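These are the residues of each chain, in order.
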Amino acid sequence: MAADDTTIGSAIDDETRRELVDTDDLLPTGSAFVPGETPIPDYQLAWGITSDDEGDPIHGEPTADDAERELVIPVEEPGPNEALLYMLTSEVNYNDVWAVTGVPVSTFAGHDRDWHVTGSGGLALVAETGAGVADEGRIAVGDLVHVYAGKFDALSPKAGRDPMFADFRIQGYETPDGSHQQFVTAQATQLFEPPSTLDLTEAGSYILTMGTIYRALTNTLDVEPGSDLFVEGASTGTGRDAVEMAVSRGLDVTGLVSSDERAERAKGVGADAAIDRTQDALSGAMRMVPNDPAAVEDWVAAGEPLLEEFRAKNDGELADYAISHAGQEAFSRSYQLLDEGGRLTFYGASTGYEMAFVGKGGATTPGEMYDRSALRPGGGVLVWYGTPDGIEGTTDEVGEAAIEAALDRRARVAVVTESEEQADAVESAHDVEGAVSLEHLAAENDAVAFEPLPELPKPSEPDALAATVGEYTNKLFKPVGIATGELLATPNNPRGNPDVVFERAGQNTLGTSTMLCASFEGEVVYAEAMADRRYSFYAPQVWMRQRRIHMPTTEIFGTHMKNTYEVLKMNEEIERGVFDVPRTHLVDWDDAPEAHQDMWENNHEEGSYVINHALPEDGIESKDELFAAWDV
């Protein structure tokens, strides 16, 4: 039987399932599969979301709204550099939940399929290989592999620096072909031999989550042994993983938790200390910096008990590093906890996407900040000139110094000024690519407004969030980006995104600057003292694009997922027993929506979850044991 057009991508009924199985067009879930011998069917089962008759995606909570459905879809052919995999298990993570609920944006915006299969990573048998994979010889039919969810353009020159810079996408979230299906096509670069110390349930459970932490610590933070680290949500999930992995690198870890029981849990994986955010002394402290400038001083004071407790647990010092993932309500305090020279990284924002912080003291020269950044000769620099509060006329001494320091380093410089008079003065005095005034942009477009990021709706209100962010980008980011992009464009950077944006302490345009600078390699630098002022930015532009913010005495670095080399090194350390993977829960195929609903409601148990596609039982140690349990 061939499934017809009305069946493909639709929720499958029992009659259709029976007919497809009876004609060998579909394998029942849990089926034994011997690569090279068992025929590959034309169709398969998958968990995902679909579109309605008008082509609009059907989002909602996995079980409460029945948004997640078991679908029947075709089995795809692998491309030359791909393999077709028979999935044994697939990772369950928050990407699945965001895709099903459509929070904060619909994943259907990135593709034109009528369905979207979730799932990022897992464990599989190689069922078929493309010609290029077969010729290369690293991956062969029959291999047991675990699947890294990062897809990228392996032929891009940027892949030589970091695969994540080369059209990187998360399979199952940014692509519609996730691992919660029986057969998955994956690039050969996504496939790894699992650590021999793990059983098959564990082997497909951890790459997305633990790999994110591995990159955050070893690459983004580049931690030094003996340093103090603060970790949000340190008793569960990626916070728990961060504690154990940081301890393996010789860091002293203090975790933020929500109960005495969770404090003991964090200490159980190596944390030196824990701070209970629910204690009376911190009542009202764990909140974002308010938008009202008059309330900033009181907000700072409300955080002093947190700082005092951290110092008491860390020999009077504040944090050298911080790992944030809980969103806007915790981010502000995590930054406040940074000591001089401290660095914060974050990779998520579940409680909200407006990241705000109160700046710290200290000042230096523009040249010093360029040297701390990755600015190269020929790189593009955007300088804000004349825009901060209190600057009048055409002279901006810090702006002048920023322009000259960039030119001294043979950078190409574009300038944004407040007035036309300032733009004319800059172009007359400096060999810049050009200067654009906000006055001129406003005259051409009434929507232009020199404003900070507004207060954002919660991620659970995706339509309102998208509208607010869209309105903000139309007011400042797009007009400035288009005008300066024309000045800095190159053949390899046709949009002209600057490599470095020189920001100003006397204004809050960080939201725009973090959108303007180049993805993955872009940096924002400050040289002036920032103490007692509020700054804010839109979180996904920094964490998903891995942009970096350098300030005179502290740094904020976005981090996201991991690259193939980091997966390889992480697996080596797991095999050597440097750190463990979390406890893994094996979820029946039919219970996938319930697992996602528990995650959405934060009711899931400690540890990792995997959907069981075809393991006969938990605890199987090897492929030979698997085949024996299948009786093949």
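To start, this report covers the structure provided alongside it. Residues take numbers from 1 onward in each chain, read along the sequence in its written order. Restriction of local features to residues with pLDDT of at least 70 applies here, the model being predicted, together with a cutoff of 80 or more for giving and counting side-chain atom pairs; totals for whole chains, interfaces and linings are based on all residues. Derived side-chain values reflect all non-hydrogen atoms in the structure, with water molecules and hydrogen atoms excluded from consideration.

Let's talk about the side chain of Q171
The criterion, for reference: Strands are runs of DSSP state E lasting at least 2 residues, helices are runs of H or I lasting at least 4, and numbering of each runs from the N terminus. Residue exposure (1.4 Å probe, protein chains only): buried if accessible area is under 20% of the type maximum, exposed if over 50%, otherwise partly exposed. A contact between two residues is defined here by any heavy atoms of the two lying within 4.5 Å.
Tracing the backbone shows Q171 in the loop between β9 (169-170) and β10 (183-187). Residue class for Q171 comes out buried when judged on its relative accessible area of 3%. Among residues more than four places away in sequence, those in contact with Q171 are G119, S120, A149, K151, D177, G178, V184, T185, A186 and Q190.

Side note on the packing of helix α2 (residues 94-101) against helix α19 (residues 592-600)
Basically, it comes down to this: Note on geometry: axes are C-alpha line fits, over the in-contact stretch for helices, and angles between N-to-C directions span 0 to 180 degrees. For classification purposes, an angle smaller than 35 degrees is called roughly parallel, one larger than 145 roughly antiparallel, one from 65 to 115 roughly perpendicular, and anything else oblique. We call Asp, Glu, Lys and Arg charged. Ala, Val, Leu, Ile, Met, Phe, Trp, Tyr, Cys and Pro are nonpolar, and the rest, Gly among them, are polar.
With their axes 9 Å apart at the nearest point, α2 and α19 run at an angle of 95° to one another. The orientation of α2 with respect to α19, classified from their angle, is roughly perpendicular. Touching Y94, D96, V97, W98 and T101 of α2 are H596, M599 and W600, all from α19. Here the residues of the contact of α2 with α19 sort into 5 nonpolar, 2 polar and 1 charged.

A word on empty space enclosed by the protein
Applicable threshold: The definitions used throughout rest on a 1 Å grid laid over the protein atoms alone, on which a cavity is an enclosed set of points accommodating a 1.4 Å probe that cannot get out and a pocket is an open set flanked by protein within 12 Å on both sides along at least five of seven lines; lining residues are those having an atom within 4 Å of a point. Grid points are joined across faces, edges and corners, and a volume is the space filled by probe spheres set on the points.
Per the stated rule, a full pass over the model turns up 1 cavity of 30 Å³ or more. Taken as a whole, the largest cavity encloses approximately 40 Å³ of empty space. In terms of lining residues, the largest cavity is bounded by Q44, E76, L84, D177, Q181, F183, V184 and T185. It is β10 that provides the largest number of residues to the lining of the largest cavity, a total of 3 residues. In terms of residue class, the lining of the largest cavity is made up of 3 nonpolar, 3 polar and 2 charged.

Details of α19
Turning to α19, its buried residues number three or more, namely A592, P593, A595, H596, Q597 and M599. For α19, the secondary structure elements touched by its buried residues are β2 (43-50), β4 (82-92), α2, β26 (584-588) and β27 (608-612). A positive phi of about 60° marks N602, the residue just after α19.

Let's talk about the sheet that holds strand β1 (residues 10-11)
Formally: The pairing criterion for strands is at least two bridges between them, as found by DSSP.
Strand order in this open sheet of 4 strands is β1-β3-β2-β5, and the pairing throughout is antiparallel. Lying at the two open borders of the sheet, with one neighbouring strand each, are β1 and β5 (115-117). By the bridge criterion, 2 bridges tie β1 to strand β3 (residues 69-74) in an arrangement that is antiparallel. Residue A11 lies in a different strand from β3, and its bridge partner there is L71.

Observations regarding the pairing of β4
Within β4, 10 of the 11 residues are buried, which leaves the element mostly enclosed by the surrounding structure. Two strands pair when backbone bridges link them, and β4 and β10 are joined in this way by 5 bridges, in the antiparallel orientation. Residue pairing in the sheet places A83 in a bridge with A186 of β10. Relative to strand β6 (residues 122-129), β4 is paired through 7 bridges, and the arrangement is antiparallel. Residue M87 lies in a different strand from β6, and its bridge partner there is A124. Summarising the sheet, β4 and β27 pair through 4 bridges and their orientation is antiparallel. Looking at the pairing, T89 lines up with N612 of β27.

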